[in-house]
Amino acid sequence: MSTQEATPNALPKLKTDEMVINMGPQHPATHGVLRMVLTLDGEWVRHAEAVLGHLHRAQEWQGQNRTWFQYQALIDRVDYLSGMFTSWALCRTAEVLEEQTIPERAEWLRVMVSEMNRISSHLLWLGTYLIDLGAMFGFPFYPFREREKLLDLFEEVAGQRMMFNYIRIGGVQRDPKATWFQRLRKFTEEFNDRVDEYEAIVTENPIFLRRTKGVGILPLSLAKEFGVTGPSLRGSGSNLDLRKTKPYSVYPKLDFNVQWLDKPEGGDTWDRYILRIREMRESNRIIQQCLDMIPEGPVITKKQIAGLRVKAGEGFSAVESPRGILGCYVTSNGSDKPVRFRWRNPSFCNLSVCGKLLENHPIADIMAIFGSIDVILPDVDR
């Protein structure tokens, strides 16, 4: 063999065959029942496709085959981590049809419990995300310590720790006791120090930085193309937040900032993490203002009975949920049962961009990228 033939450049290139494998639907890190079909070139993902339908909740079908009164309780089970927001979107849509003004105290309570729910949702995301990356910081320890306190408050005011059915058409279920407000105020006074603890452990952790910095970059143009909203969009250079861009309820009376990063070239998984950390601090600030400014008065105007009816017509409303823009469209014929429901679930759009984000990343990055999007599967299989 000649010297030229023996050089590395003369050696034949190795050819690998692509392999198609399933990830899920029974996988502990897919946060529900998600099947990802991956095309792999060695350890590298060349194509990824989410296969939906393994956790179908019939969200829209049930809305058309249940009464208004029944559906108010069912809707909490879709995005089960932020049921206050699905209830709020449904109730606001019905109130648009009714041209109904709800009591001011109820509006303040809606904002208060929803921002509490935003914090509890982000806390669960933080704990499970760290476990997905191999850290035992999350699920049994720090974030769940504060989340349990919020769930205790939810249980006292709504009777449930997750499936609240607290926000009702015409107001809210009940007025909390004075001691409830005192406990909530104490929580808000301590919470920022608890977030400092999370950040001390995670934000500049060298292992966490290696797993998240520069991984899963989502350009703003791609996010808009797929309809991504929420922290995943705001981490990529957009300040879209319905609480500011299309204000509703008493948000115009509150002093708060939309948390976003000016990075139109694209935010990575670390950016999406830090956005949720900052959103928790901002939600805590909103709750404190609500505690200071909430007026006295009634909390509901429409009688909650099995024969509850909503005027005939078409209505739409949207709220800013922990995962993005949650919209509800309904057609009513004036009876106790809606004619048509259509939901705009943020998890559905946010999941759709994952295939693009996973391309040309190693298998080890899949859970870091997917987890940073914060998808709730029942919110997808609607």
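Residues numbered from 1 in each chain as written. Predicted model: local features only at pLDDT ≥ 70, side-chain atom pairs only at ≥ 80, totals over all residues. Heavy atoms only, no water.

(A) Spotlight on the side chain of Asp-271. Along the polypeptide, Asp-271 turns up in helix 12 (residues 269–293). Excluding residues that lie within four positions of it along the chain, Asp-271 makes contacts with Gly-235, Leu-261, Lys-263 and Gly-266. (Helix = DSSP H or I, 4+ residues; strand = E, 2+ residues; numbered from the N terminus. Contact = heavy atoms within 4.5 Å.)

(B) Quick look at a nonpolar patch on the surface. Side chains of Ile-131, Met-136, Phe-141, Tyr-142 and Ile-201 sit close together on the surface and give an oily, nonpolar patch of about 440 Å² of accessible area. With respect to the secondary-structure elements, Tyr-142 resides in helix 6 (residues 142–158). (Patch = residues over 30% accessible without salt bridge, like charges linked within 9 Å, V, L, I, M, F, W, Y side chains within 5 Å. Areas by Shrake-Rupley, 256 points an atom, 1.4 Å probe, with all protein chains shown as cover. Salt bridge = Lys/Arg side-chain N within 4 Å of Asp/Glu carboxyl O.)

(C) The arrangement of the packing of aromatic side chains in detail. If you walk through the whole model with that rule in mind, you get 14 aromatic pairs. Relative to Phe-341, the ring of Trp-68 has its centre 5.9 Å away and its plane inclined at 65°; by these criteria the two rings are edge-to-face. On the criterion of sequence distance, the pair formed by Trp-68 in helix 3 (residues 68–74) and Phe-341 in strand 8 (residues 340–344) is long-range, its members being 273 residues apart. Here Trp-68 and Phe-341 have matching classes, each one buried. Each member of the aromatic cluster is reached from another via a ring pair, and the members are Trp-125, Tyr-129, Phe-208, Trp-270 and Tyr-273. (Phe/Tyr/Trp six-rings, centres within 6.5 Å; stacked < 30°, edge-to-face > 60°. Buried < 20%, exposed > 50% of the residue type's maximum accessible area, 1.4 Å probe, protein only.)

(D) Spatial organisation of the packing of helix 5 (residues 104–132) against helix 6. At a closest axis distance of 9 Å, the pairing of helix 5 and helix 6 adopts a crossing angle of 150°. When the axis of helix 5 is compared with that of helix 6, the two are roughly antiparallel. For helix 5 against helix 6, the interelement crossing comes out left-handed. Between helix 5 and helix 6, the residues in contact are Val-113, Met-116, Asn-117, Ile-119, Ser-120, Leu-123, Leu-124, Leu-126 and Gly-127 and Pro-143, Phe-144, Glu-146, Arg-147, Leu-150, Leu-153 and Phe-154, respectively. (Axes fitted to C-alpha atoms, helices over the stretch in contact; angles between N-to-C directions. Parallel < 35°, antiparallel > 145°, perpendicular 65-115°, else oblique. Left-handed = near helix turned anticlockwise from the far one by under 90°.)

(E) Highlighting the environment of Asn-205. By the secondary structure assignment, Asn-205 is in the loop between helix 7 (178–202) and helix 8 (206–212). When its relative accessible area of 26% is taken as the criterion, Asn-205 is described as partly exposed. Only 2.9 Å separates the side chain of Asn-205 from the backbone nitrogen of Ile-207, close enough to count as a polar contact. (Polar contact = N/O pair within 3.5 Å; in protein donor to acceptor, adjacent residues only side chain to side chain.)

(F) Geometry of the sheet that holds strand 2 (residues 35–41). One open sheet accounts for three strands, arranged 1-2-3; its pairing is antiparallel. The sheet is open, and its two edges are formed by strand 1 (19–23) and strand 3 (44–51), each paired on a single side. Within this sheet the neighbouring strands show an average axis-to-axis angle of 25°, counted without direction. Across seven bridges, strand 2 lies against strand 3 in antiparallel orientation. Within the sheet, the bridge partner assigned to Leu-40 lies in strand 3 and is Val-45. (Pairing = 2+ DSSP bridges.)

(G) Spotlight on the confidence of the model for the chain. Averaged over every residue, the pLDDT of the chain is 91; residues scoring 70 or more account for 94%. Looking at the elements of the chain, mean pLDDT is at its lowest for helix 1 (residues 3–6), recorded as 42, and at its highest for helix 12, recorded as 97. Throughout residues 1–8 the model reports pLDDT below 50, and contacts reaching past four residues in sequence, or to other chains, amount to three contacts. (pLDDT = per-residue confidence, 0-100.)

(H) Looking closely at the side chain of Arg-243. Checked against the element boundaries, Arg-243 lands in helix 11 (residues 242–245). Judged by its relative accessible area of 6%, Arg-243 is buried. A distance of 3.2 Å separates the side chain of Arg-243 from the side chain of Glu-115, its partner in a polar contact. Setting aside chain neighbours within four positions, we find Arg-243 in contact with Glu-115, Arg-118, Tyr-248, Tyr-251, Phe-256, Ile-286 and Glu-320.

(I) Inspection of the nonpolar core at higher detail. Trp-68, Met-112, Tyr-166, Trp-180, Tyr-273 and Trp-343 are the most contacted members of the largest nonpolar core, which has 77 residues in total. The element contributing the most residues to this core is helix 5, with 13 residues. When neighbours within four sequence positions are excluded, Trp-68 is seen to be in contact with Leu-90, Ala-94, Ile-169, Leu-308, Val-310, Val-330, Ser-332, Ser-335, Asp-336, Lys-337, Pro-338 and Phe-341. Val-353, Ile-366, Met-367 and Phe-370 belong to the second largest nonpolar core, which has 28 residues in total. (Core = buried A, V, L, I, M, F, W, Y, C linked by side-chain atoms within 4.5 Å.)

(J) Looking closely at helix 12. For helix 12, built from 25 residues, the straight-helix expectation of 36 Å at 1.5 Å per residue is met to within 8% by its first-to-last C-alpha distance of 36 Å. With respect to burial, helix 12 is a largely interior element, 19 of its 25 residues being buried. Of the residues flanking the start of helix 12, the one acting as N-cap is Asp-268, its side-chain oxygen 3.1 Å from the backbone nitrogen of Trp-270. (Expected span 1.5 Å × (residues − 1).)

(K) Seen up close, the environment of Leu-209. Of note, Leu-209 is situated in helix 8. A C-alpha to C-alpha distance of 18 Å links Leu-209 and Leu-357, two positions 148 residues apart in sequence. If sequence neighbours within four positions are ignored, Leu-209 has contacts with Thr-203, Glu-204 and Trp-270.

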